[in-house]
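Okay, here's what each chain looks like letter by letter:
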Amino acid sequence: MSRVRSLDFTIKTDAPLPYEVKWKARNVGTEAIKRNCLRGEIIDSNRKNNVRHESADFFGPHYMEAYIIKNGIVVARDRIEVPIQ
């Protein structure tokens, strides 16, 4: 039986304001396929303080990417692997 995990991702950047934040939450692997939970869409930030809240309720590989966009150009990005075992 799986349990829901609560995850908060925070951006730290020296990019000068103003900028936009976009996120990409990705679920991959056999469990994501089995549950029809493959993800990978790019989404807007859901908080003003550069934090994205997500939850995960199954094992397998996940990752989160963050993009800092200034004047329509990605000026910074990063990715963190989130292996849930």
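Here the structure is a predicted model, which means the values were calculated and not measured.

Participant: Quick question: what am I supposed to make of the pattern of salt bridges here?
Facilitator: It is possible for side chains of opposite charge to pair when their charged atoms get near one another. Following the criterion strictly, the structure yields 4 salt bridges and no others. For Arg 79, the salt bridge is made with Glu 65, and the minimal N-O distance between the two is 3.7 Å. Here Arg 79 is found in strand β6 (residues 73-84), whereas its partner Glu 65 is found in strand β5 (residues 60-70), with 14 residues between them in sequence. The partly exposed category is assigned to Arg 79, whose relative accessible area is 42%. A residue is classified by how much of its surface remains accessible, and Glu 65, at 8% relative accessible area, is buried. Among the ionic contacts, a cluster of salt bridges with common partners joins Glu 20, Lys 22 and Asp 44.

Participant: I keep staring at the pairing of strand β2 (residues 20-27) and nothing clicks. Help me out?
Facilitator: Residues in a regular strand project their side chains so that they alternate between the two faces of the sheet. The pairing of β2 with β5 spans 8 bridges and is antiparallel. By the bridge assignment, Trp 23 is partnered in β5 with Ala 66. By the bridge criterion, 3 bridges tie β2 to strand β3 (residues 42-44) in an arrangement that is antiparallel. Each residue of the ladder has a partner; that of Lys 22, found in β3, is Asp 44.

Participant: Explanation requested: the side chain of Lys 70 in the structure shown.
Facilitator: Take Lys 70: it is sitting in strand β5. Buried charge Lys 70 goes without a salt bridge, the closest partner of opposite sign being Glu 20 at 10 Å. Looking at Lys 70, its side chain comes within polar contact range of the main-chain oxygen of Pro 18, at 2.8 Å. When sequence neighbours within four positions are dropped, the list of residues in contact with Lys 70 reads Pro 16, Leu 17, Pro 18, Tyr 19 and Val 75.

The rules we used
- Each chain has its residues counted from 1, running along the sequence as written.
- Two thresholds apply to this predicted model, a pLDDT of at least 70 for residue-level local features and 80 or more for giving and counting side-chain atom pairs, whereas whole-chain, interface and lining totals are computed over all residues.
- The side-chain figures draw on all heavy atoms in the structure; neither hydrogens nor water molecules are used.
- Basic side-chain nitrogens of Lys or Arg form a salt bridge, by our definition, when they fall within 4 Å of a carboxyl oxygen of Asp or Glu.
- Runs of E in the DSSP output that reach at least two residues are strands. Runs of H or I that reach at least four are helices, and both are numbered from the N terminus.
- Per-residue accessibility, obtained with a 1.4 Å probe over protein chains only, is compared with the maximum for each type, and a residue is labelled buried under 20%, exposed over 50%, and partly exposed between these values.
- Strands are labelled as partners when DSSP assigns at least two bridges between them.
- Neither His nor the chain ends is counted toward charge; the positive residues are Lys and Arg and the negative residues Asp and Glu.
- Between N or O atoms, a polar contact is any pair within 3.5 Å; within protein, one atom must be a potential hydrogen donor and the other a potential acceptor, and residues adjacent in sequence are included only when both atoms are from side chains.
- Any pair of residues with heavy atoms lying within 4.5 Å of one another is described as a contacting pair.

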